[in-house]
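Understanding the architecture of this molecule
So you can see what is in the structure, the chains are spelled out below.
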Amino acid sequence: MKIRKITGMVLAGSLVLSMTACGSGSSSSGTTSTTAAAAAEASGTETEAAADAAEENSDAAEWDQEAEFEKALATMDLSNVIDGVDSKDLTMSTHCSETDSNYLYALAFEQAVETLSGGQMQVELYANGQLFGQSDALQALQQGTLDIANSDTALLANYDPAAGILDIPFLMKNREQALKCVQDEEISDFINSMIEPSGMHLLSVLPLNFRNSLVKNMDIATIDDFKGLIMRTPEAPHTIAAFEAIGATPTVIPSGEAYTAVQTGVADGLEGHAEYMVLQKFGEVAQNYVQTQHVFTFTDYVMSKSVYDSLTDAQKQVIDEASKLAQSVHIAYTAELYPAMYAELESEGVKITEFDTAPFIEATEDYRNNYIEENNLQDLVEKINAYE
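Residues numbered from 1 in each chain as written. Predicted model: local features only at pLDDT ≥ 70, side-chain atom pairs only at ≥ 80, totals over all residues. Heavy atoms only, no water.

1. Points about the overall build of the chain
Going by this rule: Numbering of helices and strands starts at the N terminus; helices are DSSP runs of H or I of at least 4 residues and strands are runs of E of at least 2. The cut-offs for exposure are 20% and 50% of the maximum accessible area for each residue type, with area from a 1.4 Å probe on protein chains only; residues under the lower value are buried, those over the upper are exposed, and the others partly exposed. Here a residue-residue contact requires only that any non-hydrogen atoms of the pair lie within 4.5 Å. Here the Shrake-Rupley method, with its probe set to 1.4 Å, supplies the accessible areas, and only the displayed protein chains count as covering residues.
Helices and strands together make up the secondary structure of the chain, namely 17 helices and 11 strands. Per-residue burial for the chain yields a buried fraction of 53% across its 388 residues. Counting contacts in the chain only where the partners sit at least 6 residues apart, residues at least 24 apart contribute 79% of the total. Carbon and sulfur atoms form 45% of the exposed surface of the chain, whose accessible area is close to 16,000 Å².

If you want it as structure tokens, here you go:
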């Protein structure tokens, strides 16, 4: 096991975050949390209930990212060492930092591959976009210059529109539904079948959380307020279409340039899930986090199909088992992550603005229905809806 290596990497970027004592601060409710104690202080009439609330919050647990990484990694059962595995070295790229949950998946996968293969297979992991950004990494898989890449699943739709099924605007209603979808082999097999002709093999899909809109204008609160806003988005067809449907102007800007784009006014805001907002420090350049919940974020790890097909049966068994174990580690880690991320945003002065999603859902209805019909996704969407 590479726990020493893992610990050393994580220590350099350790993130300690405060989170609410109950651990149930909801990223889906979109309500702005103001403690009873703070409200009482503002009115000058602190009540006994407010004092109790203040005491409860003072005892709030801390989100220790390093410790949570190691706790999640410890959930892996690595006892099923596979016999007869030939030597193989693989290169893995993620655009994410060492404190990101996507990086944790990579660490777990790296550790599982080495252990399950009896040390015969090694994964060389590169983070922080050292090798490639998201889009470039997927292209590198096709060109044979990279073995394993990490991206948002939304980018897979650029290779076959149907591969973006999980990213349909407003398809997901809650995280529990998303968890069931990523563990459904029929859904994963379908996505894999859509990207295989482009030279990619799906390893895992990971559920994160809802994407919301972080904007500079503190008065943005309704669908009409988004008209004319320039919103930074990734190269994700569904997200782009969603903002176009409400009269905003989506502009594709690489993640590494998003901070500067908002800071300098090239964009009025950007969208993404709470972990992304915290780790990229976007609260420094925009502080109105509007809970549009337009898309649920899923990420993936994808392997070069030619590389996967070249593996022996024993090597494939190692990769397949490591993928499942790493996905379970990621799910374990993110179970309590997002309440902590919301608490951190609020501590930085970010306002969590409630948003009536009904008009947004209505505005994207034609796009959603046309996409499902054009790609013959009715049966799979019905199955996904049943998981709600």
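2. Examining the confidence of the model for the chain
Applicable threshold: Across the chain, each position has a pLDDT score giving the predictor's confidence in that residue, from 0 to 100.
Averaged over every residue, the pLDDT of the chain is 87; residues scoring 70 or more account for 84%. Note on residues 1–60: pLDDT is under 50 here. Beyond four places in sequence and across chains, it has 91 contacts.

3. Description of the nonpolar core
How we decide: Here the nonpolar core consists of buried residues drawn from Ala, Val, Leu, Ile, Met, Phe, Trp, Tyr and Cys, with membership extended through side-chain atoms lying within 4.5 Å.
Of all hydrophobic cores here, the largest spans 62 residues; its most connected members are Met 92, Phe 109, Tyr 289, Met 303 and Ile 319. Ranked by residue count, the leading element in this core is helix H5 (residues 101–116), at 10 residues. Ignoring any residue separated from it by four or fewer positions in sequence, one finds Met 92 in contact with Tyr 105, Ala 106, Phe 109, Val 123, Glu 124, Leu 125, Tyr 126, Leu 146, Ile 148 and Tyr 301.

4. What to know about the packing of helix H4 (residues 65–73) against H5
Filter applied, for reference: The axes used here are C-alpha line fits, helices contributing only the stretch in contact, and every angle between their N-to-C directions lies in the interval 0 to 180 degrees. Throughout this description, any angle smaller than 35 degrees is read as roughly parallel, any larger than 145 degrees as roughly antiparallel, any in the 65 to 115 degree range as roughly perpendicular, and the remainder as oblique. For any helix crossing, the convention is left-handed if the near helix is rotated counterclockwise from the far helix by under a right angle, and right-handed if that rotation is clockwise. Charged residues are taken to be Asp, Glu, Lys and Arg, nonpolar residues to be Ala, Val, Leu, Ile, Met, Phe, Trp, Tyr, Cys and Pro, and polar residues to be all remaining types, Gly included.
Here H4 crosses H5 at 40°, and the two axes come no closer than 11 Å. When the axes of H4 and H5 are compared, the pair comes out oblique. When the axes of H4 and H5 are compared, the crossing they make is right-handed. Contacts between H4 and H5 involve Phe 69, Ala 72 and Leu 73 from the first element and Tyr 103, Leu 104, Leu 107, Ala 108 and Gln 111 from the second. Of the residues that constitute the contact of H4 with H5, the class distribution is 7 nonpolar, 1 polar and no charged.

5. Details of the side chain of Thr 153
Quick reminder of the rule: The definition of a polar contact used here is a pair of N or O atoms within 3.5 Å, where within protein one atom must be able to donate a hydrogen and the other to accept one, and adjacent residues in sequence count solely through side-chain atom pairs.
Counting through the fold element by element, Thr 153 comes out in the loop between strand E5 (148–152) and helix H7 (175–182). A residue is classified by how much of its surface remains accessible, and Thr 153, at 2% relative accessible area, is buried. One polar contact links Thr 153 to Asp 167, side chain to side chain, over a distance of 2.8 Å.

6. Regarding the packing of aromatic side chains
So the rule is basically this: The pairing test for Phe, Tyr and Trp rings, Trp by its six-membered ring, is centres within 6.5 Å, and the orientation test on the planes gives stacked under 30 degrees, edge-to-face over 60, and tilted for anything in between.
All told, the structure shown has 13 aromatic pairs when counted by the stated rule. The interplanar angle of 45° and the centroid separation of 5.1 Å between the aromatic rings of Phe 296 and Phe 298 together place this pair among those described as tilted. Phe 298 matches Phe 296 in its accessibility class, with the two residues each being buried. Grouped by ring-pair contacts, the aromatic residues Phe 170, Phe 226, Phe 243, Phe 355 and Phe 360 constitute a single cluster.

7. Focus on the pattern of salt bridges
Where we set the bar: A pair is scored as a salt bridge if a Lys or Arg side-chain nitrogen falls within 4 Å of a carboxyl oxygen belonging to Asp or Glu.
A full pass over the atoms with the stated rule returns 6 salt bridges. As a salt-bridge pair, Lys 383 and Glu 186 come within 2.5 Å of each other at their nearest N and O atoms. One end of the pair, Lys 383, is in helix H17 (residues 378–386); the other, Glu 186, is in helix H8 (residues 185–195), with 197 residues separating them in the sequence. Classification of Lys 383 as partly exposed rests on a relative accessible area of 25%. Judged by its relative accessible area of 45%, Glu 186 is partly exposed. Note that Arg 211 is salt-bridged to Glu 271, the shortest N-O span being 2.6 Å. In this pair, Arg 211 is assigned in strand E6 (residues 200–215) and Glu 271 in strand E9 (residues 269–272), connecting sequence segments 60 residues apart.

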